[in-house]
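# Breakdown of the fold
For reference, the chains in residue letters:
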Amino acid sequence: MLSRHLKLKFSLLQCTYWCSVGAFSSFAINYLQTQRGVSAGTAGTLLAVFTCVAFAGQFFWGRLCDRWKTNRKVFIITNFIMLAACFGVFFLRDLWMIFLAYGLLGFVQSTMPAVLDSWILKTYADNPQAYGPIRSSASFVYAIFTFFFGSIISRAGYGIMLVFVSVFVVGSIVVAFVAADAPQAEIPAAHPGAKGGMRRLLTGQFSLVLVALLCMGMSGGMYTFMAIIMNQVGGSVDFLGYTMFASAMCQVPFMLFSRKMARFSPKSRLLFAGCIYAVTLVGMALAKTPLTLVLMSLLSGAGFGIILPALRELVETYAPADLRTTAQSVSDAVNVSLAGLLNSLLISALGDTAGVSVVLFILAGVQIIGFIPLLMIRPPQKQ
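Residues numbered from 1 in each chain as written. Predicted model: local features only at pLDDT ≥ 70, side-chain atom pairs only at ≥ 80, totals over all residues. Heavy atoms only, no water.

## Concerning the nonpolar core
Rule in force here: Throughout, nonpolar core names a set of buried Ala, Val, Leu, Ile, Met, Phe, Trp, Tyr and Cys residues whose side chains join them through atoms within 4.5 Å. For every residue, the accessible area (1.4 Å probe, protein chains only) is compared with the maximum for its type, and the residue is labelled buried under 20%, exposed over 50%, or partly exposed between those bounds. Each helix is a run of H or I in the DSSP string that is no shorter than four residues. Each strand is a run of E no shorter than two, and both are numbered from the N terminus. Any two residues having at least one pair of non-hydrogen atoms within 4.5 Å are treated as being in contact.
With 115 residues, the main nonpolar core has F24, I29, F75, Y102, W119, M161 and F225 as its most contacted residues. Residue contributions to this core peak at 13 residues, all from helix α1 (residues 2–36). Once residues lying within four places of it in the same chain are set aside, the contact partners of I29 are A43, L46, L47, Y102, A227 and I228.

Structural data, given as structure tokens:
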């Protein structure tokens, strides 16, 4: 009974967090462009600031969790800050103040999944497979919510974003208060050989893995500026919600059946999913209608559903045995934060001049280049 109650609480935390992202951050750039007149280039710069600050935030809040020996308190604190940042982005008028608020949002929001996922995995250290169903419930709820929320915004106005994000954040805080904190006793302390360990991690086969993940993260980061792409084809905020719904819903079956796909090596699965990403990017670059973007979102969702489990397995396989947890963190930083930062800089530099379609073609090329380090990876030596 206790386990059932714990799973319910963690499922609620996942759902409320991801729905809070869907209620505000997923539509924030669209709001700034359509209601504040922010250009595509400025929007790209905002995203670059968000991602750059998020990269620092991941390390800051992660260290704070270990230092304070609590995931729950950090999760609650970041929820409060996230809500304040959302109100700042919405109400502030000076562009530099919007940049400040949007950067603060990135500083806390991007680290919260790691804090929450780590909380769950530490709690279920003896039963890690419990994480999958908990996380998949959030993907499903997020898909349903974003499907309808775009239409709600178009009818009620963008101010409704603040109502929903407030409800979800308060819900997260309330559930976090009544949930037990993660066991912290097994967190290893830093040791004198840590720097040498990082040098070992960033050389050899694992360095090839990181290069491949960087390229794949850039190509998969197309959703970073989906609002910009949607605006260029004349799509409404309703269609922006439909793309999120399509992608999230298509991820679920591929994640659920990842065990059956495990008969293929993670390298083979990543190559296949990379091809899906390349086709998706070209399709988005050539899109002339919002419906095409929705269809491409279905395809990209399938790619992500294949990539996520394969990525985790590949990192686990090629990382040094004593550095596997660190390796997963480094791979996330490269695949998500660094790749997202490069994407944002790219759209910032070329969005107003060459156009978003050119950026998408470039990212398709980056994905194809990413096949090279993947193909260079040799089978792991048996220890």
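## Quick word on the confidence of the model for the protein
The cut-off we apply is this: Each residue gets a pLDDT score, which is the predictor's confidence in that residue and runs from 0 to 100.
Per-residue confidence for the protein gives a mean pLDDT of 83; residues scoring 70 or more make up 88%. Confidence, read as mean pLDDT per element, is least for helix α8 (residues 194–201) in the protein (59) and greatest for helix α7 (residues 160–178) (97). Taken together, the stretch residues 185–195 has pLDDT below 50 and engages in 2 contacts with residues farther than four places along the chain or on a different chain.

## Remarks on the packing of aromatic side chains
Put simply, the rule is: Centres within 6.5 Å make a pair out of two Phe, Tyr or Trp rings, where for Trp the six-membered ring is used; the pair is then stacked when the planes are under 30 degrees apart, edge-to-face when over 60, and tilted otherwise.
Evaluated as defined, the whole model comprises 18 aromatic pairs. An angle of 10 degrees between the planes, with centres 4.6 Å apart, marks the rings of Y31 and F90 as stacked. You can see Y31 sitting in helix α1 and its partner F90 sitting in helix α3 (residues 72–91), a full 59 residues away along the chain. By relative accessible area, which is 11% here, F90 ends up buried. Centre to centre, the rings of F145 and F168 are 5.2 Å apart; their planes meet at 85 degrees, and the pair counts as edge-to-face. Here F145 is found in helix α6 (residues 131–156), whereas its partner F168 is found in helix α7, with 23 residues between them in sequence. The two residues F145 and F168 agree in class, both being buried. One aromatic cluster in this structure is built from F27, F145, F149, F164 and F168.

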